[in-house]
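A look at the structure
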Amino acid sequence: MKLKTSDFDYKLPKELIAQSPLVDRESCRMLYLNKTTGEIKNRHFFDVIDYLNKDDVLVLNDTKVYPARIIAKRQTGAEVEVFLLNPYDNSNKWEALTKNFKRVKQGEILEVSPDFKIKLIEKKEANKENEIPKYIVELIYEDENIYDVLNKYGSIPLPPYISRQAREEDKETYQTVFAKNLGSVACPTAGLHFTNELLQRIKEKGIKIAYVTLNVGLGTFMPVKVENIEEHTMHYESFSIPKETQDLIENKKGAIVAVGTTVLRCLEATYQKYGRIKACSDKTNIFIYPPYEIKSIDKLITNFHLPKSTLIMLVSAFAGKGLIFEAYGRAVAEKYRFFSYGDCMFIDK
């Protein structure tokens, strides 16, 4: 029997959606789930080291979120919100989303500041029912580095379930402590719970730390609008795996522990393509849902995901839908904090 999108729904009280991060990252709650025994228990994230063994390989996504949300003005004074997705080519053109571009004419220039303007080049129509139209815009600026410009005038694009406006401190708190490579519009949030001190203790235990870069894109925000899961199309996301990470995984003596669904998708995409984890730069729109069998990792650290989302489908493929929904029921009953700034799970093998 094929699963439907509605099979991945669950009830979540609104007050359990975390609106702000904890001051102490590693003190968040962690629901431990053993997918072999079915054991579920309450822990804290600083206990994660108890479930990592010497010679395990802990894989982190070192992508960095850029301030992609920009407020510009038309000559009439009307504000237009522009959400920059990714560079479109080697020039200053970018793909973008916007809430109110309908009245903006092709070729019109919007002003962010005297030294930063945005020109509408063209509208790209949606090719499929579950896609939304994007725009091609040209960024006109005087600074040498566009990311310096965005950091000055942009704000972090917090997910829509965070009801408050983005604050300046989100530029730091909505980044992992190991974020390095700019390119994401959303944070790989399972990594938010690590501190530099915890990472040091993990290294001292003899656990290897490896990195991949997967730039989190539009698909993170896109709901599944079709009831037949097989009709949903994921957006492509670019990723890279360095040779050092390939070597650590190939020579591993312990388990591969993925920190977040982005790491899992990255590793699984290469495993699916090459039959192993291979150093490469590529892009993927891999869509993982039951009964897909994940072969690239052994354990997973992950936050709690939205009802009917592609991410709850992914973790259900990894640990089994029944066990995942039992764990989610426990998390709701125990009043865990959900989604990006919320608590997390450790899924053991």
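Described below are features of the structure shown in this document. (Residues numbered from 1 in each chain as written. Predicted model: local features only at pLDDT ≥ 70, side-chain atom pairs only at ≥ 80, totals over all residues. Heavy atoms only, no water.)

Considering unusual backbone geometry
A cis geometry characterises the amide bond from proline 290 onward to proline 291, with omega recorded as 10°. Counting through the fold element by element, proline 291 comes out in the loop between strand S15 (280–284) and strand S16 (299–303). Despite not being glycine, aspartate 55 shows a phi value in the positive range, around 80°. On the secondary structure map, aspartate 55 appears in the loop between strand S2 (40–44) and strand S3 (57–61). In this structure aspartate 55 comes out as buried when scored by relative accessible area, which is 19%. (Helix = DSSP H or I, 4+ residues; strand = E, 2+ residues; numbered from the N terminus. Buried < 20%, exposed > 50% of the residue type's maximum accessible area, 1.4 Å probe, protein only.)

Details of the packing of helix H6 (residues 310–319) against helix H7 (residues 321–333)
Direction vectors running N to C along H6 and H7 enclose 120°, while the axes themselves pass 7 Å from each other. Every residue of H7 that contacts H6 at Ile312, Val315, Ser316 and Ala319 is listed here: Lys321, Leu323, Ile324, Phe325 and Tyr328. Class assignment for the residues of the contact of H6 with H7 results in seven nonpolar, one polar and one charged. (Axes fitted to C-alpha atoms, helices over the stretch in contact; angles between N-to-C directions. Contact = heavy atoms within 4.5 Å. Nonpolar A, V, L, I, M, F, W, Y, C, P; charged D, E, K, R; others polar.)

Details of the nonpolar core
Core analysis: the biggest nonpolar cluster contains 67 residues, and Leu33, Val59, Leu267, Ile297, Ile324, Phe338 and Met345 have the highest contact counts within it. When residues no more than four places from it in sequence are discounted, the contact partners of valine 59 are Ala210, Val212, Ile249, Ile256, Val257, Ala258, Val259, Val263 and Leu267. Ala68, Ala72, Val112 and Phe116 belong to the second-largest nonpolar core, a separate cluster that totals 28 residues. (Core = buried A, V, L, I, M, F, W, Y, C linked by side-chain atoms within 4.5 Å.)

What to know about the packing of aromatic side chains
In this structure the tally under the stated criterion is 23 aromatic pairs. Summarising the aromatic geometry, the rings of tyrosine 161 and phenylalanine 339 are spaced 4.8 Å apart at their centres and angled 55° between planes, so their arrangement reads as tilted. Here tyrosine 161, found in the loop between helix H1 (146–153) and helix H2 (170–173), pairs with phenylalanine 339, found in the loop between H7 and strand S17 (344–348); they are 178 residues apart in sequence, far enough to count as distant. With centroids separated by 5.8 Å and ring planes inclined at 70°, the aromatic side chains of phenylalanine 304 and tyrosine 336 adopt a geometry described as edge-to-face. With a gap of 32 residues between them, phenylalanine 304 in the loop between S16 and H6 and tyrosine 336 in the loop between H7 and S17 connect regions that are remote in the sequence. There is no split in this pair, since phenylalanine 304 and tyrosine 336 are both buried. Each residue in the set Phe8, Tyr10, Tyr161, Phe304, Phe325, Tyr328, Tyr336, Phe338 and Phe339 is aromatic and connected to the rest through ring pairs, giving one cluster. Across from the ring centre of phenylalanine 8, 5.7 Å away, lies the NZ or CZ of lysine 321, which sits over that ring. Between the NZ or CZ atom of lysine 321 and the centre of the ring of phenylalanine 325, over which it lies, the distance is 4.6 Å. (Phe/Tyr/Trp six-rings, centres within 6.5 Å; stacked < 30°, edge-to-face > 60°. Lys NZ or Arg CZ within 6 Å of the ring centre and 35° of its normal.)

Description of the packing of helix H5 (residues 261–274) against H6
For the pair H5 and H6, interaxial distance at closest approach is 11 Å and the crossing angle is 65°. The orientation of H5 with respect to H6, classified from their angle, is roughly perpendicular. Here the hand of the crossing between H5 and H6 comes out left-handed. Along its contact with H5, which presents Thr261, Leu264 and Arg265, the element H6 presents Leu311, Leu314 and Val315. Here the residues of the contact of H5 with H6 are counted per class, giving four nonpolar, one polar and one charged. (Parallel < 35°, antiparallel > 145°, perpendicular 65-115°, else oblique. Left-handed = near helix turned anticlockwise from the far one by under 90°.)

Quick look at the environment of aspartate 7
Summarising the element assignment, aspartate 7 is placed in the segment before strand S1 (29–34). As a C-alpha pair, aspartate 7 and isoleucine 312 span 305 residues in sequence and 11 Å in three-dimensional space.

Focus on H6
Here H6 lies mainly inside the structure; nine of its 10 residues are buried. All of the buried residues in H6 are Thr310, Ile312, Met313, Leu314, Val315, Ser316, Ala317, Phe318 and Ala319. Buried positions along H6 lie against S1, H5, S16, H7 and S17. Note on H6: the residue one or two positions beyond its end, glycine 320, has a positive phi of about 100°.

Brief notes about H5
Note on helix geometry: an α-helix contains 3.6 residues per turn, so any two residues three or four positions apart are oriented the same way. Taking 1.5 Å as the rise per residue, H5 with 14 residues should run 20 Å; its terminal C-alpha atoms sit 20 Å apart, in good agreement. Burial runs high along H5: 10 of the 14 residues are buried. Among all positions of H5, only Thr261, Thr262, Val263, Leu264, Arg265, Cys266, Leu267, Glu268, Ala269 and Thr270 are buried. Directly after H5, the chain includes glycine 275, whose backbone phi takes a positive value near 80°. (Expected span 1.5 Å × (residues − 1).)

Looking at the sheet that holds strand S12 (residues 208–214)
With respect to topology, nine strands assemble into an open sheet ordered S2-S1-S17-S16-S14-S3-S12-S13-S15, the strand pairing being mixed. Among the strands making up the open sheet, the edge pair consists of S2 and S15. With strand direction ignored, the average angle separating the axes of adjacent strands in the sheet is 25°. Note: S3 against S12, five bridges, orientation parallel. In the strand pairing of S12, valine 59 is matched with alanine 210. (Pairing = 2+ DSSP bridges.)

Side note on the pattern of salt bridges
Scanning all chains against the criterion turns up 18 salt bridges. Of the charged contacts in the structure, one is a salt bridge between arginine 43 and aspartate 47, with a shortest N-O distance of 3.3 Å. Given a relative accessible area of 22%, arginine 43 falls into the partly exposed group. Between lysine 54 and aspartate 55 there is a salt bridge whose closest N-O contact spans 3.7 Å. (Salt bridge = Lys/Arg side-chain N within 4 Å of Asp/Glu carboxyl O.)

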